[in-house]
Amino acid sequence: VYGDVGDFEGRYDPYVATMYVSLAAYDPLRVARHEEVHVLRDMRLFSDQDYRLLTDYARRFKLADDYGIDARYGQVYKDMFGDQAPDKLLEETIAEMVADYSGGRRFGGTIAQIIERVVRFLREVRDALGIHGFRTAQDVFDAIEAGSLLPDDLKSSSRASDMSDLVEACKR
């Protein structure tokens, strides 16, 4: 996350698997939530389906434009990542969505609220019947907030413990 030109409020370094958040950031918790997406993506903790839900949502509502992603990162990412730049810019959009969600933003208008009520009802029916596999972008946001995005086979690993510690630190 970049503030003014040349300044950064946070970044994730995949080479040492370390997330940096500047204490001088306007909102360090928001920055941490943004960077958390890069951590989760790098550690392959998003399922393809969950990540696709978020990217489809971001594209459908043109959220990259709302967040000014291309203006903030576009040229730098094109220079750094070449053909992979569009995917990296989309990841930045997802990171902004999660940071906003963590700050209380809920995506959608009146129609989305109606749909969310329907989805909530269907989720309750699904849970009552023990049917799994029906997920929405909202489910992915909730899983990130709860720190439960880890696959079952990783929940007892040291990586899971590290992620749990990260989630708890971000909640403080």
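One can find the structure itself at the top, above this paragraph.
Quick notes on the rules
Residues numbered from 1 in each chain as written. Predicted model: local features only at pLDDT ≥ 70, side-chain atom pairs only at ≥ 80, totals over all residues. Heavy atoms only, no water. 1 Å grid on protein atoms, 1.4 Å probe; cavity = no way out; pocket = protein on both sides within 12 Å on 5 of 7 lines; lining within 4 Å. Points joined across faces, edges and corners; volume = space filled by probe spheres on them. Helix = DSSP H or I, 4+ residues; strand = E, 2+ residues; numbered from the N terminus. Nonpolar A, V, L, I, M, F, W, Y, C, P; charged D, E, K, R; others polar. Expected span 1.5 Å × (residues − 1). Buried < 20%, exposed > 50% of the residue type's maximum accessible area, 1.4 Å probe, protein only. Arc of directions from axis to C-beta. Contact = heavy atoms within 4.5 Å. Phe/Tyr/Trp six-rings, centres within 6.5 Å; stacked < 30°, edge-to-face > 60°.

Caption draft 1: Seen up close, the layout of surface pockets. Of the volumes computed, that of the largest pocket is approximately 800 Å³. Contributing elements (two or more residues each) for the lining of the largest pocket: β1 (10-13), α1 (28-42), α2 (48-60), α4 (69-81) and α5 (85-102). Tallied by class, residues from the lining of the largest pocket come to eleven nonpolar, four polar and twelve charged.

Caption draft 2: Fine view of α2. Between the first and last C-alpha of α2 there are 18 Å, a value that for 13 residues agrees with the 18 Å anticipated at 1.5 Å per step. What α2 keeps buried is the set D50, Y51, L54, T55, Y57 and A58. Take α2 and look down its axis: the buried residues cluster within an arc of 160°, on one side only. Within α2, the exposed residues directed more than 90 degrees away from the buried face are D48, R59 and R60. Contacts made by the buried residues of α2 are with α1, α3 (63-67), α5 and α7 (137-146). Backbone geometry just downstream of α2 places K62 in the positive-phi region, at approximately 50°.

Caption draft 3: Representation of the packing of aromatic side chains in the model. Per the stated rule, a full pass over the model turns up four aromatic pairs. On the basis of an interplanar angle of 55° and a centroid distance of 5.4 Å, the ring pair of F46 and Y51 is categorised as tilted. Residue F46 shares its accessibility class with Y51, and that shared class is buried. Aromatic pair Y73 and Y77: ring centres 5.3 Å apart, planes at 45°, arrangement tilted. You can see Y73 and its partner Y77 sitting in helix α4, four residues apart, about one turn around the helix.

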